[in-house]
Structure formats: structure tokens, C-alpha cells
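Next come the chains, spelled out residue by residue.
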Amino acid sequence: MATRRSLVRRTPLVRRTAALAAAATAAIMLAACGGTGDSASPSSSASSSSGHSGHDMGSGTGSMSSADPSASAPAAQGGHNAYDVTFAQEMIPHHRQAVTMAGLASSRAKSQQVKNLAAKIEKAQDPEIETMSGWLRAWGEKVPSGVASAMEGGMPGMDHAGSSMPGMMSDADLDKLAKLSGDAFDTAFLKMMVGHHQGALAMARTEQAKGAHGPARAMAQSIVTSQSAEITEMNRMLGRR
């Protein structure tokens, strides 16, 4: 009986001890989990902080990186400067006037060589006008309007702009050319176009020397090459007259 009573007393004690042990184990596990969460949080915070710090540094590095190429090689990234804008805004009306002059040749020129040259000028310069207009629109700059032709009312501001655009013909010159035909037209056309091309060469060389936009500089080179050859051709044609 004594042994039985002793066992009875010990049983609740064992159960109580087991319960306390289980509770302690659970508490330790919870603490461990909580500790992991807490330690993860600072780590996460540090990581987050490090991430922001890295972003800031990357941002700084990025701005330095973006600043240097844009300053040293804007053409490679499609950048442009004021000379590119001026080149496009002045070469567009300059080309338009050449195209207008060339357009007279089909009905007024006598020489087939003059007609062929005029057609070549139109074919080359019309697409260049479109290309330069596209650049100006992309840059948020004004695209010159109007046609440099006295017969169509002239181009607004032509007299004022003419001083900065070498080789441009006056309205009186265009009026005179429009009234000529035959040999007289051919001679006047060639002389005017030589001067006009020489003006384009000066503008193109300025762009080559001071422009930043790669495609604009490439167009300037193309103008120098093609119009230099045309000047030689026109002078040869004039020499035979």
C-alpha cells in the first residue's frame, strides 16, 4: 500500500515535471524562432540599407559615367549641340532653295547635262531635308517652314537669314533665273549653283569641325564630297561655253 501511495504521489509530480520541461522546450524553440526573425530583420534592414547605399553609389557612378561620355563623345550616343541645330535649321532652307532652282531646269534648260545635274540635286537634297527635319523634331527644335523661292512668295525671314547662310540667292536672282530659258538659263543656273554649293560646303565644314551629332557630321561629310564633285562638274560645263 505504501508503495502504491508513493507511486500515486510521484505520478502527478512526473507529469508536472514533464509538462514544465515541455513548456520550457517550447519557450526555447519560440525564442529561437523569434531570435531568427529578429536577427533576420536587422540583416534585412542592413541589406536594404546596403541596397539603397549601393543604389546611391551606383547612381553617383552612373551620373559620372553618363556625364563623361556625353561630354567626351556625344556623337556616339546620339547627342547634339547648338552647332548641330544651326546646321539643320540653316541647311534645310539652303537645300530647299537648291531644289527650287533645280526644279526650273526641266522646263527651261537646253542642255541635257544641266537637266541631269538638276535632277541629281533634287534626288539628293530632298531626302536630306526630310532627315534634318526629323532631327529637329526629335530635339524639340523648330523646323524651318516655307520654300526659298521668290515665285512662291519667298521664305519668311530669308533676307535676315541669308547673311548667315553663304551661297543663298536673293529673290531677285531667283526671279531672273525663272524668266530665262535655253543657253541663258543653263549658264545662269550653273553659275548660281556653283556659288550655292560653295556656301553649302562652308556650312558643312563648320558642322564637321564643331558639331556633335554623329549622323549630322556624316551628312556634312557627304555634302562636302558630293557637292565638291558637282562644283567641279559645273565649272567644267561652264568652261565649254
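It should be emphasised that the depicted structure is a prediction, and the values quoted were computed from it without experimental measurement. (Residues numbered from 1 in each chain as written. Predicted model: local features only at pLDDT ≥ 70, side-chain atom pairs only at ≥ 80, totals over all residues. Heavy atoms only, no water.)

### Thoughts on the side chain of Glu128
The topology assignment puts Glu128 in helix H3 (residues 112-139). It is Arg96 that comes nearest to the buried, bridge-free Glu128 among opposite-charge side chains, at 12 Å. With near-sequence residues (within four places) excluded, Glu128 lies in contact with His95, Met219, Ser222 and Ile223. (Helix = DSSP H or I, 4+ residues; strand = E, 2+ residues; numbered from the N terminus. Buried < 20%, exposed > 50% of the residue type's maximum accessible area, 1.4 Å probe, protein only. Lys, Arg positive; Asp, Glu negative; His and termini not counted. Salt bridge = Lys/Arg side-chain N within 4 Å of Asp/Glu carboxyl O. Contact = heavy atoms within 4.5 Å.)

### Let's talk about helix H5 (residues 171-178)
By the burial criterion, the buried members of H5 are Leu174, Leu177 and Ala178. Projected down its long axis, H5 carries its buried residues within an arc of 100 degrees, all on one side. Turned more than 90 degrees off the buried face of H5, the exposed positions are Ala172 and Lys176. At its buried positions, H5 is contacted by helix H2 (82-108) and helix H6 (182-210). (Arc of directions from axis to C-beta.)

### A word on the environment of Gly195
The residue Gly195 is located in helix H6 in this model. Separated by 36 residues in the primary sequence, Gly195 and Ile231 place their C-alpha atoms 8.7 Å from one another.

### Points about the nonpolar core
Counting 46 residues, the largest nonpolar core has Phe87, Met101, Met132, Leu177 and Phe189 as the members making the most contacts within it. Broken down by secondary-structure element, the contributors of at least two residues to this core are H2, H3, H5, H6 and helix H7 (214-239). Setting aside residues no more than four positions away along its own chain, Phe87 makes contact with Met132, Trp135, Met203, Ala204, Glu207, Ala216, Met219, Ala220 and Ile223. (Core = buried A, V, L, I, M, F, W, Y, C linked by side-chain atoms within 4.5 Å.)

### Thoughts on the confidence of the model for the protein
Looking at the protein, pLDDT values average 75 and 59% of them are 70 or higher. Of the regions scoring below 50 in pLDDT, residues 27-77 engages in nine contacts with residues more than four places distant in sequence or in other chains. Throughout residues 148-163 the model reports pLDDT below 50, and contacts reaching past four residues in sequence, or to other chains, amount to 26 contacts. (pLDDT = per-residue confidence, 0-100.)

### Looking at the packing of H2 against H5
Where H2 contacts H5, the axes come no closer than 10 Å and their chain directions differ by 15 degrees. When the axis of H2 is compared with that of H5, the two are roughly parallel. The chirality of how H2 crosses H5 is left-handed. Residues Gln97, Met101, Leu104 and Arg108 of H2 lie in contact with H5, whose contacting residues are Leu174, Leu177 and Ala178. Of the residues that constitute the contact of H2 with H5, the class distribution is five nonpolar, one polar and one charged. (Axes fitted to C-alpha atoms, helices over the stretch in contact; angles between N-to-C directions. Parallel < 35°, antiparallel > 145°, perpendicular 65-115°, else oblique. Left-handed = near helix turned anticlockwise from the far one by under 90°. Nonpolar A, V, L, I, M, F, W, Y, C, P; charged D, E, K, R; others polar.)

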